[in-house]
Amino acid sequence: MSLDDVRRVMEFLPHRYPFLMIDRVVEYEAGERLLAVKNVTYNEPQFTGHFPHNPIMPGVLVIEALAQATGLLSMKTLTDRGEDFGEYYLVGIDKARFKRSVVPGDQLMIEAVFKKNKRNIWSFSASATVDGELVVSAEIMCASKESTK
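Just so it is clear, the model here is predicted, and its values are computed rather than measured. (Residues numbered from 1 in each chain as written. Predicted model: local features only at pLDDT ≥ 70, side-chain atom pairs only at ≥ 80, totals over all residues. Heavy atoms only, no water.)

Colleague: I keep staring at the pattern of salt bridges and nothing clicks. Help me out?
Modeller: A side chain of one charge can pair with a side chain of the opposite charge when the charged atoms of the two come close. Under the definition given, this model contains 10 salt bridges. A salt bridge links Lys 76 to Asp 80, with the shortest nitrogen-to-oxygen separation between them at 2.9 Å. Residue Lys 76 and its partner Asp 80 are located together in helix H2 (residues 59-80), separated by 4 residues, close to a single helical turn. Close ionic contact of Lys 115 with Glu 139 constitutes a salt bridge, the shortest N to O distance being 3.6 Å. Residue Lys 115 is located in strand E4 (residues 107-118), and its partner Glu 139 is located in strand E6 (residues 133-144); the two are separated by 24 residues in the primary sequence. Judged by relative accessible area, which is 44%, Lys 115 ranks as partly exposed. Residue classification places Glu 139 among the partly exposed positions, given a relative accessible area of 25%. What you see here is one network of salt bridges that share partners, running through Glu 27, Glu 29, Arg 33 and Glu 111. (Salt bridge = Lys/Arg side-chain N within 4 Å of Asp/Glu carboxyl O. Helix = DSSP H or I, 4+ residues; strand = E, 2+ residues; numbered from the N terminus. Buried < 20%, exposed > 50% of the residue type's maximum accessible area, 1.4 Å probe, protein only.)

Now the structure itself:
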């Protein structure tokens, strides 16, 4: 099963417009890494106030994109193993470093790399680039709640 369009992504992520930060997945290695795309457009609601004369994507939304990529990686990996996944929550951000702004017209390439999983805690290194230039890097921790299916 491929995640190469937003409809497939939405099967795994509960987020919807305007909070869905992943448009598609371009590379995926089960239990290893995932590379996703977010096309940043001027008509997104955050640009109305951040900032009207110099639109910049808020850093918290870039971090959210990283977290959503880690969610896709873990949930797709579990599904590939035949396991169910439940709800998935961001529980930690460490060593976040912002290197440049993200503006309308940019295409974020978001990479999540699996580090470890202990019980229900998943750890990743994650980064986003635009045109090959690093935008942000961070260590992300998420917790999964068992499925109630």
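Colleague: Sorry, what's going on with the sheet that holds E6 here?
Modeller: Strand pairing in a sheet is mediated by backbone hydrogen bonds. Such pairs are either parallel or antiparallel. Here we have 6 strands laid out as an open sheet, ordered E1-E2-E4-E5-E6-E3, and antiparallel in their pairing. Looking along the sheet, the strands with just one partner apiece sit at the ends: strand E1 (24-29) and strand E3 (88-98). The average angle at which neighbouring strand axes cross in this sheet is 20°, direction not considered. Where strand E5 (residues 121-130) meets E6, 10 bridges bridge the pair, whose relative direction is antiparallel. (Pairing = 2+ DSSP bridges. Axes fitted to C-alpha atoms, helices over the stretch in contact; angles between N-to-C directions.)

Colleague: Honestly, unusual backbone geometry in this entry has me stumped. Any pointers?
Modeller: Trans peptide bonds make up most of the peptide bonds, and negative phi angles are found at most residues other than glycine. Between Tyr 17 and Pro 18 the backbone carries a cis peptide bond, its omega angle lying at 5°. Locating Pro 18 in the fold gives a position in the loop between helix H1 (6-10) and E1. A cis amide bond links His 50 with the next residue in sequence, Phe 51, at an omega value of -10°. Residue Arg 119 is not a glycine yet carries a positive backbone phi of 55°. Structurally, Arg 119 is set in the loop between E4 and E5.

Colleague: I would appreciate a short explanation of the pairing of E6 in the present structure.
Modeller: Looking down a regular strand, the side chains alternate between one sheet face and the other. Pairing geometry for E3 and E6, over 8 bridges, is antiparallel. Bridge pairing in E6 places Asp 94 opposite Glu 139. What sits between E5 and E6 in their antiparallel hairpin is a turn of 2 residues, with Asp 131 showing a positive phi close to 50°.

Colleague: Which parts of the structure should I look at to understand the nonpolar core?
Modeller: For soluble globular proteins, the rule of thumb is that nonpolar side chains tend to be buried together. One finds Val 9, Ile 22, Met 57, Leu 66, Leu 72, Leu 108 and Ile 110 to be the most contacted residues of the largest nonpolar core, which totals 39 residues. Elements with a contribution of two residues or more to this core: strand E2 (33-39), H2, E4, E5 and E6. In terms of residue count, H2 provides more of this core than any other element does, 10 residues in total. (Core = buried A, V, L, I, M, F, W, Y, C linked by side-chain atoms within 4.5 Å.)

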